[in-house]
Structures are given as C-alpha cells and as structure tokens.
Amino acid sequence: MPYSTVEEMVSMRPVGLDSSLPFTFSSHSKMTIGNLALGAGTALTVLSVEKHKDQEDQVRCLIRGQQEASAEVCIPVSFRGEFYECESEERFTLREIMSSSSLRSRRFRFVNATKCDRPLMLSPVYHVQAVMNLRKNVVKFPSSLEVDVVDVTELCKDVHFIVPLSLSEVHSEPNKSFPGVVEIIEDPETRSLFKCSWLPELRKNEHLIFHKKGTSPMILLSTLKSRKTPQYFLVSQQYGGRFRRRPREFNSVYELYVASIHAPGLKVSVTRNCEEVEEEGLPALSVGEQLEVVRCDRMVLPCEGKAGQKQSVEALLCYRLQESDDDDDDDDEDQVKREDEKEEIIMPLYMEGHFVEVLSDNRKYKLSDLGKEFSLPLDVKVVGRDTELEKDPLYGFSCLRIEAAMLEPTIQASFVHKPEYCFEIPTQWLSMSVYFTTDPLPWPKDQPPTCQVERITEVADTFFYEFRKRGNSDAEPPPRPPKRNMSFSAPPKKTKKSKKANKSKHQGDKSVPTKQFSDLTLNNKKRPPAPPPPVSDSFHACITFSKAIIIKAKAQLRLSRFSCHIRFLLKPHYGETNIQILIM
C-alpha cells in the first residue's frame, strides 16, 4: 500500500522501532533531498530514526549504488511523496498478523510458493456468539455472514436472557453469588489435561453446585521417569499424608552443581565407575566413593583449543570423603587430622557421571512443610497415608518427585445429587461456559452439609508439559565440552581408574579381550582409523541382521574423542549373526 509521508510509513511498522528496523522502501517518483537527487524506484534502507532537540525528526537511510558503493542520507519525516515498502524476508505467523492492525493492512506471500504465488491480503473472520431468549444454548455465526441487524434493546426490556460465564468470569463474581446452582451450557474444551473421576460427568445441561471460590496452594507431583507410564498428580496442601525424603539421582556434574546451589554442603555417592581422561580433565571415580560439593570453580584443560592455547572451563570443586574404618576407634585428634587432609577433586561441568544423594534425614514431613524447608524439585515417598481419604493414590509409590508448587484460582464444586462430595476446579486449566440458575440449593436454609473435598487430582502428561511451557524457564542449558585443536592434539589417553575400582576388578574375566573386539570387521581386514567426531553430540545407529532382525539403538559420542562406544542389548540364542552397521 502507498504511504504519503515518511512519518506515516515509519509509524505503520508492525512492532516497536527497536526490532522493526532496518526496512527498505522506494519512491514512485523522483526525490530531491537538498543537493541530492534520487531517481524513481531507488531503494532506501531505513537504519534509524534521528531525533534532535528543537528540530524535526529525520530517518537515516542507506543507499546502495553500483559496484557495492553506498552512501547515507537523512530524510525529514515530513517528506511527502508516494512511497512503497519493498518486499522483505521477514516472516510472520497468522496469529502475529491477525493481532497487529498494521500487519493486516499489508500484503503477504506464502513462504512455500507452491501453495500460492500471488500476494495475499489477510482479513480475520470473527465468530459471534449469541443467546436466544427461548433457548439456553449459545449460537455461533461468522462475522462475514451478510444479514441485517436491528437494535431492539429498548423494545425487549422485559425479555429474560441467560448470562453465559466462563470459569474465570465466575471466579471474578462477588462472594454473595456463592453458593449457587449453575447449569453447563458448553462442555469442557480441555478434557485431555485431566484424568479425574468427576470430569466425564461435566456434560452439557448438567447442574452443579458452586460452593465457594478461592486460591488454593497446590503441589505438582510426578512418578519415576523409569516407569512405563509415568503419572502426574495435582495435590492440595491440605493433604494429610506423611512423607520421607528420598535420595536424588544425578546423571552429570552439571546436575550436581544446580542442586548444590539450593542445598549447600551436598553429599553424593558415586554409583558407576568413571575412567580418568587427562586431556579432557576427567578424574577417576569408583563406585561407593563419597563426594562433598564445595563450590563452582574454573580449571585449565591440558589439551589445546583451536588457537593452540590452553582452555579454561567451569568446573565443580568437591572433597573426596575418606571412609572411616569401623574396627578402629579414632579419637578426636585423628578425626580433625583426617578432615584437614581432605582430598580435593575437580570435575568439569560437562562431565557425565552417575551419583546418588547421601541423606541422613529420616524425619517424616507434611506436604506443606516440605515446600518451606527444601528447594524443589525434591524426591519423596509417602510413608503414612491420608486417613481421611477412602483410597490414597499416592500411597504405595516407591518414589515421587515434587516438581513445583503453585497458587491456583479454584472453584469448589459438587454435583446436585452428591452435594457433600466436593472437588476443586482449576479455572485456568478448564474451559467451559455455565450460567447461574434460580434453582434452590438441595439442603435446608442455613444448614450446608459438611463437605469432603477431593485433595488429589490426577492430571495427564499434557498438563505437565503445558505447565512447563507456561513457566518460561530461563535456565541456561548445560555446558558442552570445549572444541579441541584436532590438528595438534593427540587422542585422549585413558589412564588408570581409581584405586578402589582396581581392587574390585574381577580376576577371572571370561569376556572377549578388547584387542579381539578391535579386530572384528565385516571382511576381517584391518579396521580403518575412526573418523573425527561430528558436530552433534548424539547420533542414531541402524543395525541390520541377516536374519531380518532390525534393531535401533542410540549411541552417545563425546565430541573430544576420536572413537565412539556403542552398547546394544540383544536377546540370547541368536547364534552367529552377520552384523552390518550403518552410521547415519
């Protein structure tokens, strides 16, 4: 669309100036700016808007000439002409276009030109919802429907219409509106978020009792990820069960660092051996060793980077705790001496490892106390069921994780035929339309029943993922191993394991020696050297067997190593099978 002034064109940008510049436009006619004359169709790129005190604002533009020559010119915003914005590479979604009045006045093309190559003008079509006086249902019709509408408000003052309300609008109603009987006009639209028993009964024309509104503190719990079908629960802090802390598991040093921020003095035990790799700064760890996290520090790697210089990376400083001998009675002086001789160990944050938290706490906690004394997430186990519940769904799980705590606007509701059995409806997570009826409450006046509120609501995994998306976590991703200078550095050397690991090594190892494994190839030829590591830190390997068996596996690859280790889980009794490995 044409613009008559530069100011009009700048003001019609879709978003703020900071993110909408630069953009390019041209003039339909010749432009004369001071001593400079620009021909019609000359492309000018707006770089910034220059504002000067007691002077007219100007736009600073870039003009590109022949042979990559360029010049800058300042144009007053009041400069008049017939200007057209040039087609740009900016991309917008339909939602962004429909939410901006300036974007709706512009022309667009599909990114995929096979759909439509011509320019498009996008206009929204709204759906109008209306209520008839003789019906309770809501009628929807598009705004593009060509009908004649006459305002008869003054003629229909005695006609009664119901007032449809969303759950959020019901929550904003005054307290005097509760308790009251409501009727459902439209079924809930988000049934997939909940797995509770009362949700299937929320149907159109069903009557409910809304007892009261409020804001309920709730806890989001999840079961172990190792379960085949993980479960999620939304639990009220009024839950009467008792919990005991469970040791947390960590799969990397970075996870240890994040946990130590909220729990100073964190102690963990190593659950899997780790070999020492000097070039990468990876220390040796043995199963059963205990570490105490001290602080985050920096370490210098022995290997050189791309520029041939030593690299400094973030690392976690820990104390390797000495195991005390139970047979010896150490006096206080020996104990103090052992504490002074704590062995320091430093691990880069990108190091993989397997650790479990060391806990000495055996107390039983209420759900409300756990959120006050500890940071989340927290692993717990229910050791005492809620006696007020007929069946406690949380009791019996070996481990539960407290993911988050939240304050949810809720409406305490019940069905008319069971007014004493109540449940809480989270208004932000369930969408349906209701209206207040004139039906009487199903109990004597001023004698409400004693309500039993459902304290545990099972939710679907979609609820958990949607909750995570709404959280908009700004946490940084874990660090990646630094890139090494591939032309100067040698392959990393695996040195000795920890002393404890060497002692526990089996003497009668019946497995095939490592050298024989390295010589196994498809054609019994000498294996070629391993290729340099790819850019990504994981890839998929597809293995095809001669007996028409296809297995997919995932192999983890360290960026700084020249070889990869692939672990496959195969069922026995396959016999001798030819294996072909295709690295995709």
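On a predicted model such as this, the values are computed, not experimentally measured, just so you know.

Summing up its helical and strand segments, the chain has 11 helices and 32 strands in all. In the chain, of all internal contacts separated by at least 6 residues, the share reaching a separation of at least 24 is 65%. With an accessible surface of roughly 38400 Å², the chain has 50% of that area assigned to carbon and sulfur atoms.

Bringing the nonpolar core into the picture now. F194, W198, L202, F210 and I425 are the most contacted members of the largest nonpolar core, which totals 33 residues. For this core, the secondary-structure elements that each account for two or more residues are helix 5 (167-171), strand 14 (180-186), strand 15 (207-223), strand 16 (232-236), strand 25 (400-415), strand 26 (418-426) and helix 9 (461-471). Tallying contributions element by element places strand 25 first for this core, with 5 residues. Counting 27 residues, the second largest nonpolar core, distinct from the first, contains L285, V293, I345 and F355.

Our next topic: helix 9. In an α-helix, one full turn covers 3.6 residues, which means residues spaced three or four apart are oriented alike. Taken as a whole, helix 9 has its buried residues at F463, F464 and F467. Projected down its long axis, helix 9 shows its buried positions confined to an angular sector of 100 degrees, all on one face. Lining the buried residues of helix 9 we find strand 15, strand 16, strand 25 and strand 29 (456-459).

Inspection of every chain in the model, using the stated rule, returns 14 salt bridges. In this structure, E357 engages R248 in a salt bridge whose closest nitrogen and oxygen atoms are separated by 2.9 Å. Highlighted residues: E357 in strand 23 (residues 352-357) and R248 in the loop between strand 17 (242-245) and strand 18 (249-252), separated in sequence by 109 residues. Put simply, E373 and R363 hold a salt bridge, and the shortest N to O gap is 3.8 Å. Pair noted here: E373 is in helix 8 (residues 367-373) and R363 is in the loop between strand 23 and helix 8, with a separation of 10 residues, a long-range link. Through salt bridges with shared partners, a single network forms among E50, R60 and E72.

With that settled, the discussion passes to a nonpolar patch on the surface. On the surface, L145, V147 and V149 cluster together to form a nonpolar patch covering roughly 300 Å² of accessible area. Residue position: V147 is located in the loop between strand 12 (138-142) and strand 13 (165-166). For V147, a relative accessible area of 48% translates into the label partly exposed.

Next up on the list: the packing of aromatic side chains. Considering all chains together, one arrives at 15 aromatic pairs under this definition. Judged by centre distance (4.6 Å) and plane angle (10 degrees), the ring pair of W198 and F423 falls under stacked. Taken together, the residues W198 in the loop between strand 14 and strand 15 and F423 in strand 26 connect sequence positions 225 residues apart. Judged on exposure class, the residue W198 and its partner F423 are both buried. Counting every residue linked through ring pairs, the aromatic cluster contains F194, W198, F415, F423, W429 and F463.

Another point: the sheet that holds strand 7 (residues 70-76). What the 6 strands build is an open sheet, ordered 1-8-2-5-6-7; its pairing is antiparallel. Pairing within the sheet leaves two strands with one partner each, and these edge strands are strand 1 (3-5) and strand 7. Across the sheet, the mean angle separating the axes of adjacent strands is 40 degrees when strand polarity is ignored. Summarising the sheet, strand 2 (residues 23-27) and strand 8 (residues 80-85) pair through 3 bridges and their orientation is antiparallel. Within strand 8, the residue paired with S27 across the bridge is F83.

With omega at -10 degrees, the peptide bond leading from F178 into P179 counts as cis. With respect to the secondary-structure elements, P179 resides in the loop between helix 5 and strand 14. P377 follows L376 through a cis peptide bond whose omega is 5 degrees. Residue placement: P377 occurs in the loop between helix 8 and strand 24 (378-384). A positive phi is found at N205, a non-glycine position, where the angle reads about 75 degrees. In this fold, N205 is placed in the loop between strand 14 and strand 15. Of the residues examined, N205 reaches a relative accessible area of 47% and is grouped as partly exposed. With a phi close to 60 degrees, D446 is a non-glycine residue in the positive phi region. By secondary structure assignment, the location of D446 is in the loop between strand 27 (433-436) and strand 28 (452-453).

With that settled, the discussion passes to the side chain of E424. By secondary structure assignment, the location of E424 is in strand 26. Buried charge E424 goes without a salt bridge, the closest partner of opposite sign being K212 at 7.1 Å. A polar side-chain atom of E424 sits 3.1 Å from a polar atom in the side chain of S216. Look past the residues within four positions of E424 in its chain and what remains in contact with it is W198, S216, M218, T410, I411 and V453.

Another aspect to go through is the side chain of T223. Along the chain, the position of T223 falls in strand 15. Among the polar contacts listed, one links the side chain of T223 to the backbone nitrogen of Q231, at a separation of 2.8 Å.

A few words on the pairing of strand 8. Pairing analysis gives 2 bridges linking strand 1 to strand 8, with the strands arranged antiparallel. When the bridges of strand 8 are listed, T5 appears paired with R80.

The next subject is the confidence of the model for the chain. Overall, the prediction assigns the chain a mean pLDDT of 77, with 74% of residues at 70 or greater. Overall, residues 486-490 carries pLDDT values under 50, and its contacts beyond four positions in sequence, including any with other chains, amount to 7 contacts.

A few words on the pairing of strand 27. Note: strand 13 against strand 27, 2 bridges, orientation antiparallel. Paired with L165 across the two strands is V434, which belongs to strand 27. In terms of strand pairing, strand 14 meets strand 27 through 4 bridges, oriented antiparallel. Bridge pairing links E186 to S433 in strand 27.

Following the sequence through the fold, T427 ends up in the loop between strand 26 and strand 27. Exposure remark for T427: the relative accessible area of 6% places this residue in the buried category. When the C-alpha atoms of T427 and E408 are compared, they prove to be 7.9 Å apart, with 19 residues separating the residues in sequence. Discounting chain neighbours no more than four positions away, the residues touching T427 are L167, S168, H171, P409, T410 and I411.

Cut-offs applied
Residues numbered from 1 in each chain as written. Predicted model: local features only at pLDDT ≥ 70, side-chain atom pairs only at ≥ 80, totals over all residues. Heavy atoms only, no water. Helix = DSSP H or I, 4+ residues; strand = E, 2+ residues; numbered from the N terminus. Contact = heavy atoms within 4.5 Å. Areas by Shrake-Rupley, 256 points an atom, 1.4 Å probe, with all protein chains shown as cover. Core = buried A, V, L, I, M, F, W, Y, C linked by side-chain atoms within 4.5 Å. Buried < 20%, exposed > 50% of the residue type's maximum accessible area, 1.4 Å probe, protein only. Arc of directions from axis to C-beta. Salt bridge = Lys/Arg side-chain N within 4 Å of Asp/Glu carboxyl O. Patch = residues over 30% accessible without salt bridge, like charges linked within 9 Å, V, L, I, M, F, W, Y side chains within 5 Å. Phe/Tyr/Trp six-rings, centres within 6.5 Å; stacked < 30°, edge-to-face > 60°. Pairing = 2+ DSSP bridges. Axes fitted to C-alpha atoms, helices over the stretch in contact; angles between N-to-C directions. Lys, Arg positive; Asp, Glu negative; His and termini not counted. Polar contact = N/O pair within 3.5 Å; in protein donor to acceptor, adjacent residues only side chain to side chain. pLDDT = per-residue confidence, 0-100.

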